[in-house]
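Below are the chains, spelled out letter by letter.
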Amino acid sequence: MDRMNFLSFLFLCLTSVASGNKANKHKPWIETEYQGIVMENDNTVLLNPPLFALDKDAPLHYAGEICGFRVHNGPSGAGTVQFEAVVLDRSTGEGLVRSKEPLDCESQREHSFTIQAYDCGEGPDGVNSKKSHKATVHVRVNDVNEFSPVFVERRYEASVPEGRLFDRVVRVEALDADCSPQYSQICFYDIITPNVPFAIDNDGNIKNTEPLDSKRQRVHTFWVTAFDCGKNRAQADAQVVVTVKPSCKPGWTGWTKRVEYTPGSGSIPLFPSLRLETCEETVWNIQATVELQTGHIGKGCDRDSYSDRSVRRLCGAVRGEVDLLPPPSPAANWTAALPTLPSSDSSLVFSFNGSNHVAVVPDSVVSVLSGDHFTLQLWMRRGGANIQTATTSSRGNRREEETIVCSTVRNEDSLSHYSLSVHGCRLSLFYWPDVSTARPVKFLWKLEQVCDSEWHHLSLSVQFPSVTLYVDGVTFDPALIHDNGAIPNPAPHQRMLIGACWAETDEKQKDVLNNTIPEGKGAAKYVGGYHGLLSGVTVRPGSVEPHSVVECLYACREGLDFGDLETLGSGMKVHVNPSQSVLVLEGDDIESFNRAVQQVTYRNSLRFATPGVRPLKLTTSLRCFNEESCLALKQLEGYLVVLQPDAPQISLSGVGPHLARPAPEFEGPRGVPLFPELRIVCSLTHAVNTAAQGMEGGGEWDQDTWRGLRCSRHSGCSTALMSDAVAHTLDGCEVQPLGEELNPEREELLVDMDVVRERGLEIINTTAYIAITGAESISVYEDVLRSVRYRLARGSSRFERRFRLSCSEMNGRYTSNELTLEVNFLHSLDSLYHPSHLLASQQQFLHPAHHAGELSGHTLPSQHRNSVVPGAATVIIMVCVGFLVVMVILGVFRIRSIHRRGEASRGGAKEGTGQWDDSALTIIVNPMESYESRMGISADTEGEGEEDEEAAESPDDAGDDQRIIFKKEGRDGNVRRY
């Protein structure tokens with residue numbers, strides 16, 4: 001029984017063991033997360049903790065053993081390709097993770113994936129195997145120092161000012177391709193060039209260790225290298241170049257204090273090399289103001305130097321203007337009491353002191369200024385210099401309006417009134433088209449030109465209700481137009497005042513004494529006295545001038561300008577005032593601003609610019625982001641010098657020094673032309689380089705070019721003076737008799753007035769001179785001067801008269817040579833012998849009061865003498881008579897030698913017949929031919945100055961020219977004087 005129980009128990013145990021080997025009840029177990037490290041260029045991963053898989057079915061065969069590990073994709077989907085896991089011991093479950101190929105840290109430094117273990121199942125075929133959970137594996141690739149540092153740039157450059165220490169002059173930078181901080185970071189830099197005044201820190205910042213001196217060494221060059229933390233040196237060293245700049249002073253550089261301008265050069269840059277240096281200060285706005293001061297040149301700037309009338313003619317202005325402030329003369333005496341000041345342009349400037357200086361225009365002048373269409377033009381300067389201050393307080397309040405022109409004129413059936421006044425910086429025109437019905441209107445302009453104490457030209461064109469104002473040729477619209485409302489009507493009197501306006505009183509207006517306001521009792525009837533200078537005040541009734549004519553008349557011919565607006569950089573602005581004396585540049589970029597400043601130019605369109613100095617000023621203002629440290633630049637001052645232009649040479653020729661004609665020709669109704677073959681040539685003389693001109697022109701010049709060259713005395717003919725004929729405009733010529741003035745009863749100068757009027761010229765014909773004025777071409781003046789004739793009254797015994805001709809241009813700025821002409825009147829001997837002629841001559845020329853003047857240096861014979869002949873004719877006659885006498889004597893000696901062998905009685909008879917018998921001798925001489933032949937010879941040798949000519953005509957020499965001709969009548973020995 002016991003045996004049976006034992007067998008049963010053994011059978012049961014064997015059955016249980018058999019059934020236990022076939023059952024796999026548990027899953028393998030691994031850690032949930034692993035950290036791994038693998039060396040770069042290796043494939044074995046060291047995990048922490050180590051990889052072990054446990055199974056509770058152990059120690060059962062198969063079921064308790066680990067057959068393998070599976071690697072799955074990580075969170076990023078990578079890992080299965082690079083890594084694999086193998087079982088090192090199936091019973092212990094130890095495993096190993098490795099990469100399928102060497103890893104590169106620079107490509108990917110970290111890897112993540114999951115791993116799972118599985119057992120062997122229930123048998124060798126792995127049936128019914130179980131898997132563990134998935135564990136995350138993080139693998140980091142350890143870097144190997146396989147790369148060396150590399151500099152970002154092979155060459156570093158920097159510029160620093162001298163004399164200062166800087167924390168950083170320049171920064172160098174090197175990079176390492178290794179992936180780990182240990183090997184990829186640059187641990188330190190080093191300067192490998194010895195003995196340089198620089199140091200470098202671990203961040204690559206280079207600084208100077210001592211102040212640099214640009215004079216000692218302008219450029220410093222050295223080399224630097226870098227090391228990573230693995231002590232690998234850079235593959236290639238870097239070069240550093242430091243340029244030492246001179247000490248930086250904020251401001252303008254390249255400023256030239258003196259700028260020269262040659263007339264005729266057009267436009268020239270004022271600041272070709274000017275640059276603004278801010279010393280690295282950041283600015284966001286730059287403004288520069290260039291000011292050209294021309295107030296001392298003429299009337300505010302360089303304008304045409306011709307007279308006002310000539311300029312109006314050249315610009316095509318309409319004629320008919322009336323001068324309200326003419327030069328004092330018997331015909332225009334209302335300006336005689338006004339003080340005048342000198343002017344650089346030869347114009348007449350009148351001074352008004354605001355009190356007792358007023359010009360009352362006569363009614364005869366005002367009567368031609370009717371109508372509501374007119375143009376008022378004037379030159380004005382408020383304040384002014386050398387103005388006399390009023391001796392009384394009659395001027396009143398200085399803040400009242402100052403009246404320039406106050407006028408009431410009579411139209412066809414009404415009176416119109418206007419007044420032009422200034423008040424502070426405001427200009428006003430009070431206009432009343434009809435004082436009996438219409439309401440007055442006031443036009444106001446606010447102008448800086450009114451109160452800047454400089455010369456300005458005002459042109460006011462009235463075509464009521466339209467009013468146009470031009471100031472220095474620039475149009476200005478009224479700032480305000482308003483109706484003045486009902487005011488008392490002015491008295492119905494036609495009158496005009498310059499420098500003040502009248503105040504209406506109950507008393508009858510009294511006449512102004514000496515054209516000034518009488519001080520005291522009568523001074524109260526004039527108000528609004530003007531305080532300043534006036535010149536060229538004119539009114540022209542009728543249609544107004546177009547803008548182009550006004551601009552031509554009074555616009556400045558010089559000023560500031562900008563070279564090329566198309567090249568102006570972005571953000572740059574240019575502004576020029578109307579008179580072109582102030583130019584403003586504004587911008588935000590320094591380089592663009594510097595380029596713009598270099599294009600500021602000065603232009604002068606006049607051929608003969610007024611020479612002199614024009615002060616220049618440059619004012620600069622900067623606006624910086626840090627206003628406290630913003631730079632403040634001082635004002636620069638310089639000057640522009642306009643050089644003396646090449647003076648034109650006005651040459652008068654074609655007229656001989658002597659003109660001899662029979663006296664009857666001068667006594668004709670048209671007289672004798674004085675300058676029939678006059679030639680006027682205007683040329684410019686300038687220096688040229690003869691050698692350069694010859695090379696450029698092929699070495700040959702034409703005959704006209706060589707004719708205009710004159711070698712310089714000290715240049716050895718390497719330079720020459722070349723004279724170019726140019727077309728010029730003359731503005732005046734004058735014919736003046738030398739000695740005493742013309743006697744209007746016995747002589748006169750005649751001019752073809754049709755030619756003068758046709759050309760629009762003006763003429764002044766007096767006994768002292770004849771002046772032809774007006775801007776016209778040389779050919780026109782030649783035609784007019786060729787028509788000048790001299791006429792002598794019939795029966796005059798004048799023997800000679802001398803005239804002087806001269807011309808000028810630019811209002812007398814350039815004058816010609818003085819052409820002197822001596823006119824000789826040839827009288828016949830018969831006419832001089834005639835008693836009636838002698839009596840008339842004595843009555844005219846022997847008057848005691850005019851004895852010395854009328855004969856122009858000839859000595860008069862006394863009343864006991866019979867006649868007088870010209871000295872030249874007397875000399876010719878005496879020479880001819882002497883020559884004939886010598887010939888006759890020679891003939892007599894010849895005859896006597898032939899007949900010396902003859903008979904004594906016959907010889908005595910021959911000798912008696914050979915004696916000269918002068919009882920019936922008559923000598924006929926053509927004084928015209930003899931005198932002209934002698935004058936033709938002397939004309940070739942003439943070259944003496946005017947002083948020598950005048951000295952030759954002194955009374956001492958004049959007596960030597962007087963001769964008396966004696967003639968024997970028969971044998972009675974009586975003598976007659978001629």
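Peer 1: I'd like to hear about the overall build of the protein chain, residue by residue, with values.
Peer 2: Within the protein chain one finds 19 helices and 60 strands. Residue burial in the protein chain is summarised as follows: out of 978 residues, 41% are buried. A fraction of 71% describes how many contacts in the protein chain between residues 6 or more apart in sequence connect residues 24 or more apart. Entry remark: accessible area of the protein chain is about 52,400 Å², with carbon and sulfur atoms responsible for 51%.

Peer 1: How would you summarise the state of the cysteines if you had to cite specific residues and measurements?
Peer 2: In a disulfide, the sulfur atoms of two cysteines are covalently bonded to one another. Per the stated rule, a full pass over the model turns up 6 disulfides. Across the disulfide from Cys105 sits Cys179; the S-S distance is 1.5 Å. A torsion of 100° about the S-S bond marks the disulfide between Cys105 and Cys179 as right-handed. With Cys105 in the loop between strand 5 (94–99) and strand 6 (110–119) and Cys179 in the loop between strand 11 (174–175) and helix 2 (181–184), this pair connects stretches of sequence that are 74 residues apart. With its sulfur 1.8 Å from that of its partner, Cys425 forms a disulfide with Cys451. Judged by the sign of its S-S torsion, about 95°, the cystine formed by Cys425 and Cys451 is right-handed.

Peer 1: How would you explain the packing of aromatic side chains if you had to name every residue and give the values?
Peer 2: This model, assessed by the stated rule, comprises 18 aromatic pairs. The rings of Phe374, Tyr418, Tyr431 and Phe464 are connected pair by pair, giving a single aromatic cluster. The positively charged end of Arg70 is found above the aromatic ring belonging to Tyr118, 4.1 Å away from the centroid.

Peer 1: Residue-level account of the sheet that holds strand 14 (residues 205–208), with values.
Peer 2: One open sheet holds the 3 strands; their spatial order is 10-14-13, and the pairing between them is antiparallel. Of all the strands in the sheet, just strand 10 (170–171) and strand 13 (198–200) have a single pairing partner and so form its edges. Inspection of the sheet shows strand 10 paired to strand 14 by 2 bridges, in the antiparallel sense. Residue pairing for strand 14: Arg171 is matched across the bridge by Asn205.

Peer 1: Tell me about the nonpolar core, residues and numbers included.
Peer 2: Judged by nonpolar contacts, the single largest core of 44 residues is most densely connected at Leu324, Leu376, Trp445, Ile498 and Leu534. Per element, the largest residue contribution to this core is 4 residues, and it comes from strand 26 (residues 373–382). Of all hydrophobic cores here, the second largest spans 37 residues; its members include Ile770, Leu785, Leu821 and Phe825.

Peer 1: Help me get a handle on helix 5 (residues 547–554), residues and values and all.
Peer 2: Within the span of helix 5, buried status applies to Val549, Val550, Leu553 and Tyr554. Here the buried residues of helix 5 occupy an arc of 100° about the axis, which is enough to place them on one side.

Peer 1: Describe unusual backbone geometry, with residues and values.
Peer 2: Along the chain, Asn48 connects to Pro49 via a cis peptide bond; the corresponding omega equals 0°. Omega for the bond connecting Ala58 with Pro59 falls within 30 degrees of zero, at 15°, which places this linkage in the cis form. If you trace the backbone, Pro59 turns up in the loop between strand 2 (44–48) and strand 3 (66–72). Positive phi outside glycine occurs at Asn195, with the angle close to 60°. Locating Asn195 in the fold gives a position in the loop between strand 12 (186–191) and strand 13. Its identity as a non-glycine residue notwithstanding, Asp472 has a phi of 55°, on the positive side. Counting through the fold element by element, Asp472 comes out in the loop between strand 32 (466–471) and strand 33 (474–476). Since its relative accessible area comes to 9%, Asp472 is described here as buried.

Peer 1: Mind laying out the pattern of salt bridges, listing which residues take part and the relevant values?
Peer 2: Tallying each qualifying case throughout the model produces 22 salt bridges. Salt-bridge contacts for Arg98 lead to Glu84; the nearest nitrogen and oxygen are separated by 3.0 Å. In this pair, Arg98 sits in strand 5 while Glu84 sits in strand 4 (residues 83–89), placing the two residues 14 residues apart along the sequence. Note that Glu260 and Arg258 form a salt bridge whose closest N and O atoms lie 2.9 Å from each other. Classification of Arg258 as partly exposed rests on a relative accessible area of 38%.

Peer 1: Give me the lowdown on the confidence of the model for the protein chain, citing residues and values where you can.
Peer 2: On average, residues of the protein chain score 75 in pLDDT, and 73% of them are at 70 or above. For the stretch residues 15–21, pLDDT sits under 50, and the model shows 3 contacts to residues farther than four places along the chain or on other chains.

Peer 1: How would you explain a nonpolar patch on the surface if you had to name every residue and give the values?
Peer 2: Together, Phe883, Leu884, Val886, Met887 and Leu890 line one region of the surface with nonpolar side chains, adding up to about 490 Å² of accessible area. Within the secondary structure, Leu890 sits in helix 15 (residues 871–898). The class for Leu890 is exposed, based on a relative accessible area of 53%.

Peer 1: Describe helix 6 (residues 590–597), with residues and values.
Peer 2: Turning to helix 6, its buried residues are Ser592, Phe593, Asn594, Ala596 and Val597. Its buried side turned inward, helix 6 meets strand 17 (251–253), strand 20 (275–277), strand 21 (283–292), strand 39 (558–562), strand 41 (582–587) and strand 42 (600–604). One side-chain oxygen of the residue at the start of helix 6 lies 3.4 Å from the amide nitrogen of Glu591, identifying that residue as Asp589.

Peer 1: Quick rundown of the side chain of Arg801? Include the residues and the values.
Peer 2: Relative to the elements of secondary structure, Arg801 occurs in strand 56 (residues 800–809). When sequence neighbours within four positions are dropped, the list of residues in contact with Arg801 reads Pro737, Leu738, Glu740, Glu741, Leu742, Glu747, Tyr790, Leu821, Glu822, Val823 and Phe825.

Peer 1: Can you explain the sheet that holds strand 47 (residues 672–673)? Please cite residues and give values.
Peer 2: Here 3 strands make up an open sheet; going across it, the order is 47-55-52 and the pairing antiparallel. Two strands lie at the open edges of the sheet, namely strand 47 and strand 52 (747–750), each paired on one side alone.

Peer 1: How would you explain the pairing of strand 24 (residues 349–353) if you had to name every residue and give the values?
Peer 2: Summarising burial for strand 24: 5 of the 5 residues are buried, a large majority. On strand 24, burial covers both faces: Val349, Ser351 and Asn353 on one face and Phe350 and Phe352 on the other are all buried. By the bridge criterion, 2 bridges tie strand 23 (residues 340–341) to strand 24 in an arrangement that is antiparallel. Across the sheet, the residue bridging to Thr340 is Phe350, located in strand 24. Summarising the sheet, strand 24 and strand 38 (residues 531–541) pair through 4 bridges and their orientation is antiparallel. Looking at the pairing, Ser351 lines up with Leu533 of strand 38.

Peer 1: Please provide a residue-by-residue account of the environment of Ala768, values included.
Peer 2: Within the fold, Ala768 resides in the loop between strand 53 (762–765) and strand 54 (770–777). Considering only alpha carbons, one finds Ala768 and Gly739, 29 residues apart in sequence, at a separation of 9.6 Å. In contact with Ala768, other than residues within four places in its own chain, are Gln736, Pro737 and Glu741.

Peer 1: Describe the environment of Thr44, naming the residues involved and giving the relevant values.
Peer 2: Position of Thr44 relative to the elements: it lies in strand 2. The sequence separation of Thr44 and Lys100 amounts to 56 residues, and the corresponding C-alpha distance is 9.2 Å. For Thr44, the contacting residues outside a window of four places in its chain are Ile37, Val38, Leu96, Val97 and Arg98. A distance of 3.5 Å separates the side chain of Thr44 from the side chain of Asn43, its partner in a polar contact.

Peer 1: Can you break down the side chain of Ser180 residue by residue, with the values?
Peer 2: Tracing the backbone through its elements, the reader meets Ser180 in the loop between strand 11 and helix 2. Judged by its relative accessible area of 6%, Ser180 is buried. Those residues within four positions of Ser180 in sequence are excluded, and the remaining contacts are Arg109, Asp143 and Gln185.

Rules and cut-offs
Counting of residues starts from 1 at the beginning of each chain's written sequence and follows it residue by residue. Where local features are concerned, this predicted model is filtered to residues with pLDDT of at least 70; where side-chain atom pairs are given and counted, the filter is 80 or more; whole-chain, interface and lining totals use all residues. The side-chain figures draw on all heavy atoms in the structure; neither hydrogens nor water molecules are used. Helix and strand assignments come from DSSP, with helices taken as H or I runs of at least 4 residues and strands as E runs of at least 2, each series counted from the N terminus. Here's how the labels work: a residue is buried when its accessible area is under 20% of the maximum for its type, exposed when over 50%, partly exposed in between, all with a 1.4 Å probe on protein chains only. Contacts are residue-level and defined by heavy atoms, with any inter-residue pair within 4.5 Å sufficient. In short, Shrake-Rupley with a 1.4 Å probe defines the accessible areas, and a residue's cover is counted only from the protein chains shown. The disulfide criterion is simple: two cysteine sulfur atoms within 2.5 Å. Pairing of aromatic side chains here covers Phe, Tyr and the six-membered ring of Trp, requires ring centres within 6.5 Å, and sorts the geometry by plane angle: under 30 degrees stacked, over 60 edge-to-face, intermediate tilted. The rule is short: NZ of Lys or CZ of Arg within 6 Å of the ring centre and within 35 degrees of the ring normal puts a charge over the ring. The pairing criterion for strands is at least two bridges between them, as found by DSSP. For this analysis, a nonpolar core means a set of buried residues of the types Ala, Val, Leu, Ile, Met, Phe, Trp, Tyr and Cys, connected via side-chain atoms within 4.5 Å. The arc refers to the directions leading from the helix axis to the C-beta atoms. Every case where a carboxyl oxygen of Asp or Glu lies within 4 Å of a side-chain nitrogen of Lys or Arg is listed as a salt bridge. One confidence number per residue, pLDDT, is output by the predictor and ranges from 0 to 100. A patch consists of residues whose relative accessible area exceeds 30% and which take part in no salt bridge; residues with like charges are grouped when within 9 Å of each other, and nonpolar side chains (Val, Leu, Ile, Met, Phe, Trp, Tyr) when within 5 Å. What qualifies as a polar contact is a pair of N or O atoms within 3.5 Å, subject to a donor-acceptor requirement within protein and to the restriction that residues adjacent in sequence count only when both atoms come from side chains.

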